[in-house]
Amino acid sequence: MKLGLHQKQTTQLKMTKELRQAISLLQYSHQEMNEFIKEQAMENPLLELEGQGSGPDPQEFTVEDYPQVSKDWRQSLLEQAKMLLLAPSDYRTLNDFIDSLDEQGFLPYRDEQLADRLQLDINKIEKLRNQLKKLEPNGAGCYDFKEFLLFQVQESDHNNEITKKIIQHYLPEVAAGYLQELSDKLAVSVEDVQSSIQYVKTLQPRPLLPLSPSESYIVPDFTVKYIDGSYTASLNRRGEPSVYITSYSQKVDKEGEEFLKQCYQRANWLIRSIEKRKLTMLKVAQAIIDKQTGYLDAKEKGPFTPLTLKKVAEEVEMHESTVSRTVADKYVKSPYGLFRLDQFFTSSLETKEGETVSSRYVKELIEKLIMQENKRKPLSDQRIAEELRSEYKIEVSRRTVAKYRERLKIPSSPKRKLT
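Remember, it's a predicted structure, so these values are computed and weren't measured experimentally.

(A) Region of interest: the overall build of the chain. Broken down by element type, the chain carries 19 helices and eight strands. Looking at the chain as a whole, 42% of its 419 residues qualify as buried. For the chain, the proportion of contacts with a sequence separation of at least 24, taken over those separated by at least 6, is 66%.

(B) How the structure looks around the pairing of strand β6 (residues 337-340). Bridge analysis of strand β5 (residues 331-334) against β6 gives four bridges, and the strand direction is antiparallel. In the sheet register, Lys333 faces β6, and the bridge partner there is Leu338. A loop of two residues connects β5 with β6, the two strands running antiparallel in sequence.

(C) Spotlight on the nonpolar core. Formed by 26 residues in total, the largest nonpolar core has its most connected members in Ile288, Ile289, Val312, Val323, Leu341 and Phe345. Of all the secondary structure elements, the ones that give two or more residues to this core are β2 (222-227), β3 (230-235), α12 (254-291), α13 (293-297), α14 (309-316) and α15 (320-327). Element by element, the count of residues in this core is highest for α12, at six residues. Filtering out sequence-adjacent residues up to four positions away, Val323 remains in contact with Val284, Leu309, Val312, Ala313, Val316, Met318 and Phe345. Grouped together as the second largest cluster of nonpolar side chains are 17 residues, Leu94, Ile125, Leu128 and Ala140 included.

(D) Looking closely at the sheet that holds β3. Read from one edge to the other, the open sheet built from four strands follows the order β3-β2-β5-β6, with strand pairing classed as mixed. Only two strands of the sheet have a single neighbouring strand rather than two, namely β3 and β6. Put simply, the sheet's adjacent strands are angled 30 degrees from each other on average, direction ignored. Pairing of β2 with β5 involves two bridges; the strand directions are parallel. The partner of Phe222 across the bridge, within β5, is Val332.

(E) Inspection of the pattern of salt bridges at higher detail. Here the structure, examined in full by the defined rule, presents 17 salt bridges. The partner of Lys185 in a salt bridge is Glu181, and the shortest N-O contact between them spans 3.0 Å. On the criterion of helical spacing, the pair formed by Lys185 and Glu181 is a turn pair, its members being four residues apart in helix α10 (residues 179-186). Of the residues examined, Lys185 reaches a relative accessible area of 43% and is grouped as partly exposed. Notably, a salt bridge pairs Arg416 with Glu373, separated by 2.8 Å at the nearest N-O pair. Here Arg416, found in helix α19 (residues 413-416), pairs with Glu373, found in the loop between α16 (359-372) and α17 (381-392); they are 43 residues apart in sequence, far enough to count as distant. Here Arg416 matches Glu373 in class, with each residue buried. If you follow the salt bridges from partner to partner, you end up with Asp111, Arg129, Lys133 and Glu147 in one network.

(F) Molecular detail of the pairing of β3. Residue alternation in β3 divides its side chains into a buried set, Tyr231, Ala233 and Leu235, and an unburied set, Ser230, Thr232 and Ser234. Direction of pairing for β2 relative to β3: antiparallel, over a ladder of six bridges. The residue bridging Lys225 from the neighbouring strand is Thr232, located in β3. Once β2 ends, the chain turns through two residues before running back antiparallel as β3, passing Asp228 with a positive phi of about 50 degrees.

(G) Representation of the packing of aromatic side chains within the structure. Counted under the stated rule, the structure contains three aromatic pairs. Seen in terms of ring centroids, Phe106 and Phe148 are 6.5 Å apart; in terms of plane orientation they differ by 80 degrees. Their pairing is edge-to-face. Taken together, the residues Phe106 in the loop between α4 (88-100) and α5 (111-118) and Phe148 in helix α7 (residues 145-155) connect sequence positions 42 residues apart. Judged on exposure class, the residue Phe106 and its partner Phe148 are both buried. The ring of Tyr109 is capped by Arg117, whose NZ or CZ atom sits 4.6 Å from the centre of that ring. Over the face of the ring belonging to Tyr143 we find Arg129, whose NZ or CZ atom lies 3.8 Å from the ring centre.

(H) How the structure looks around the side chain of Gln27. Counting through the fold element by element, Gln27 comes out in the loop between α1 (17-25) and α2 (30-43). By relative accessible area, which is 12% here, Gln27 ends up buried. A polar contact is formed between the side chain of Gln27 and the side chain of Arg325, at a distance of 3.2 Å. Ignoring sequence-local partners within four residues, the contact set of Gln27 consists of Glu32, Arg74, Leu78, Asp99, Arg325, Ala328 and Lys330.

(I) Seen up close, helix α8 (residues 161-169). Along α8, the positions that sit buried rather than exposed are Ile162, Thr163, Lys164, Ile166 and Ile167. Along its buried surface, α8 packs onto α7, α9 (171-176), α10 and α11 (190-201). Capping the start of α8, Asn160 holds a side-chain oxygen 2.7 Å from the backbone nitrogen of Ile162, two or three residues further along.

(J) Looking closely at unusual backbone geometry. Between Glu136 and the following residue, Pro137, the backbone shows a cis peptide bond with an omega angle of 10 degrees. When you line up the elements, Pro137 lands in the loop between α6 (122-133) and α7. With a phi angle near 50 degrees, Asp228 is a residue other than glycine that sits in the positive phi range. Summarising the element assignment, Asp228 is placed in the loop between β2 and β3. A positive phi angle is found at Glu317, which is not glycine, with a value near 60 degrees. Looking at the secondary structure, you find Glu317 in the loop between α14 and α15. By relative accessible area, which is 72% here, Glu317 ends up exposed.

What counts, and at which threshold
Residues numbered from 1 in each chain as written. Predicted model: local features only at pLDDT ≥ 70, side-chain atom pairs only at ≥ 80, totals over all residues. Heavy atoms only, no water. Helix = DSSP H or I, 4+ residues; strand = E, 2+ residues; numbered from the N terminus. Buried < 20%, exposed > 50% of the residue type's maximum accessible area, 1.4 Å probe, protein only. Contact = heavy atoms within 4.5 Å. Pairing = 2+ DSSP bridges. Core = buried A, V, L, I, M, F, W, Y, C linked by side-chain atoms within 4.5 Å. Axes fitted to C-alpha atoms, helices over the stretch in contact; angles between N-to-C directions. Salt bridge = Lys/Arg side-chain N within 4 Å of Asp/Glu carboxyl O. Phe/Tyr/Trp six-rings, centres within 6.5 Å; stacked < 30°, edge-to-face > 60°. Lys NZ or Arg CZ within 6 Å of the ring centre and 35° of its normal. Polar contact = N/O pair within 3.5 Å; in protein donor to acceptor, adjacent residues only side chain to side chain.

Okay, structure coming up:
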């Protein structure tokens, strides 16, 4: 074994404070960005705002019909995460979790998926997700309704084993009112079952509860129009002020000069970051729209083309996390209605001919078959798999059908049967 000195040249991106701030702007919605600009102008004497912005016809963007939940919670979680004693890599992972939360506060990935996606040990994923769940709002980072109910029980004084079993295994029986059946299965009295059910009814259904429509509204971030045979995405510029740097004529001392120098740097950074954000958002949105023209051609009732963050990231030559931040909590106004930009991302299954179809489309077909079934002879998961294979040429296993049916919160065939 020979020892020696060797030179190795590597390229490494250093995440500066300014770069981190610029990336964070991608997470802001249209409304949040306008508020952020106004806050910066109030703090910086060299920043001047003018007008209410320009862009598409103001009629394209209305708020009357679209109630929205408050989104301050995401920024709050990020700030709370800074208070935890975490290694820099763990803090970045926790930030990824927060960025991935849906509008109800659920994390739409299992620990195994996160471990595979982030190339981390599953124990590390579990530990960080547990830390996220204990931040405010409590339970953000749970996978679904059931896990969130269990989290609330475990964190409370109630922490009753019967209640936990009911949540884990018997929610359909609770919904159907089968108290005696539950009493027999759990080997407890009907009164104990009723007591547990009463407690479950006091729990929150999700970490983030929506505000009433009168409190807040969605303002779309993009509009999509059909122009010259193709769909074009545009940014909502309504209410967005023009930002420019003004001069400061009053005399200042040396300390004041240093302060104004810093103000100038911050103002210059803000203007550059705003333009960079616009270019990034448009590039990502257009790439997504280009992949889903079939869905739009069908007036948003057709199948989705299978699409992942990785595919879009490769298309626009950006990192997956940049694409993820860009689409988070962004809304698009089309000729047919309003939709979330991230709803276009869906995994795929294969047809008999080797073509791919989106998992979202398969879920819609499962829901359709169940809606049309004979309620006295409901379709089993195996029968649904056979129908998908014969009628739609989609290869899918019984287990996959069961998984999708459960995600749609549809009971199994015995529980759907009318007697």
